[in-house]
Amino acid sequence: MGFADQRFNVNLSILFTELPLLERPAAAAAAGFTAVELWWPWVDSPVPERSELDALKRAIEDAGAQLTGLNFYAGQLPGPDRGALSIPGEESERFRANIDVAADFAASLGCAALNALYGNRVEGVDPAEQDALALENLTLAARAADRIGAILLIEALNRPESPLYPLVSAPAAVAVVDRVNEATGLGNARFLMDLYHLSMNGEDLPAVIERFASKTGHVQIADNPGRGAPGTGSLPLEDLLDQLNKAGYDGWVGLEYKPGERPSTEAFDWLPR
């Protein structure tokens, strides 16, 4: 067991960011990865020009990489935003405009997992109103994902870094997963288990794995403290991934960590070769 038995993909929105977007898939492939994932790359545009979509598609295909995960439009990320789908007004409309664009782009590359970040609480807006809007938009997203044979991922973030984000525990995120599945009847909403975020929240990670592995559609890792590569902090990531494996999770594990002061190509020395 251990790291050698996992399927790792690299998140090109946090690693290889010293390179232009279109050069990152080839860099990941040169570092030995066959699969990549992305946050929505066009932070100012939920509906980018076709030429931009085609260029990124070609870059991923030319690298011989598989796209295994893609975020829907989520506002300024990295930045102050944590999603758009629960934000009344323009941001919600931008999310809706992006749903089919993101789904079709994912489908064009055989990507079967779409992540929908919930969005921050808005001052002066009733949280119940935001939650009702979120369920409407997540229902639309789940149907779009189902249309392309994909799952919809719902992620818990961490309170210290995302104090306005309401889903800051595994149970909170899974409760939304359950509500979406109940609303659609499709059963394709799944929990995105990010071990870094959950550890920042002080959650009992072995207990979370035991309770929610069966509802987990994707796993992401970074060490804590620091959100660096495994081994730079104190999280027992190898043991936790072993536990996930034994609990039946056999999907991809996304490397969503910061390379630190070194180039991204040097941030994989913990991986078995």
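Here, every reference points to the structure presented above.
Overview of the structure.

Rules used in this analysis
Residues numbered from 1 in each chain as written. Predicted model: local features only at pLDDT ≥ 70, side-chain atom pairs only at ≥ 80, totals over all residues. Heavy atoms only, no water. Helix = DSSP H or I, 4+ residues; strand = E, 2+ residues; numbered from the N terminus. Expected span 1.5 Å × (residues − 1). Bend = angle between axes of the 7 residues up to and from the residue. Buried < 20%, exposed > 50% of the residue type's maximum accessible area, 1.4 Å probe, protein only. Contact = heavy atoms within 4.5 Å. Pairing = 2+ DSSP bridges. Axes fitted to C-alpha atoms, helices over the stretch in contact; angles between N-to-C directions.

**What to know about helix H3 (residues 90-108)**
Point 1. Compared with an ideal rise of 1.5 Å per residue, which puts 19 residues at 27 Å, H3 spans 28 Å between its outermost C-alpha atoms and is within 8% of the ideal.
Point 2. Bending of H3 peaks at approximately 35° at the position of Asn-98.
Point 3. For H3, the full list of buried residues reads Glu-91, Ser-92, Phe-95, Asn-98, Ile-99, Val-101, Ala-102, Ala-103, Phe-105 and Ala-106.
Point 4. Among the structural elements, helix H2 (50-62), strand E3 (66-71), strand E4 (113-115) and helix H4 (127-147) are those in contact with the buried residues of H3.
Point 5. Where H3 terminates, the next one or two residues include Gly-110, which has phi positive at roughly 70°.

**Some thoughts on the sheet that holds strand E8 (residues 252-255)**
Point 1. Taken in spatial order, the eight strands close into a barrel running E1-E2-E3-E4-E5-E6-E7-E8, and their pairing is parallel. Within this sheet the neighbouring strands show an average axis-to-axis angle of 30°, counted without direction.
Point 2. Here strand E6 (residues 189-194) runs beside strand E7 (residues 216-221); their pairing, made up of four bridges, is parallel. From the neighbouring strand, Leu-192 faces E7, where its bridge partner is His-218.
Point 3. Along the sheet, H4 contacts E4 and strand E5 (151-155); its crossing angle with E5, the most-contacted strand, is approximately 140°.
Point 4. Sheet strands in contact with helix H5 (residues 170-184) are E5 and E6, and its direction is about 165° off that of E6.

**Quick look at unusual backbone geometry**
Point 1. The peptide bond linking Leu-77 to Pro-78 adopts the cis configuration, its omega dihedral lying at 5°.
Point 2. Within the secondary structure, Pro-78 sits in the loop between E3 and H3.
Point 3. For the bond from Asn-224 to Pro-225, the omega torsion is 5°, close enough to zero to count as cis.
Point 4. Tracing the backbone through its elements, the reader meets Pro-225 in the loop between E7 and helix H8 (237-246).
Point 5. Look at Arg-227: it is not a glycine, yet its phi comes out positive at around 55°.
Point 6. Summarising the element assignment, Arg-227 is placed in the loop between E7 and H8.
Point 7. Arg-227 gets classed as buried once you look at its relative accessible area, which sits at 11%.

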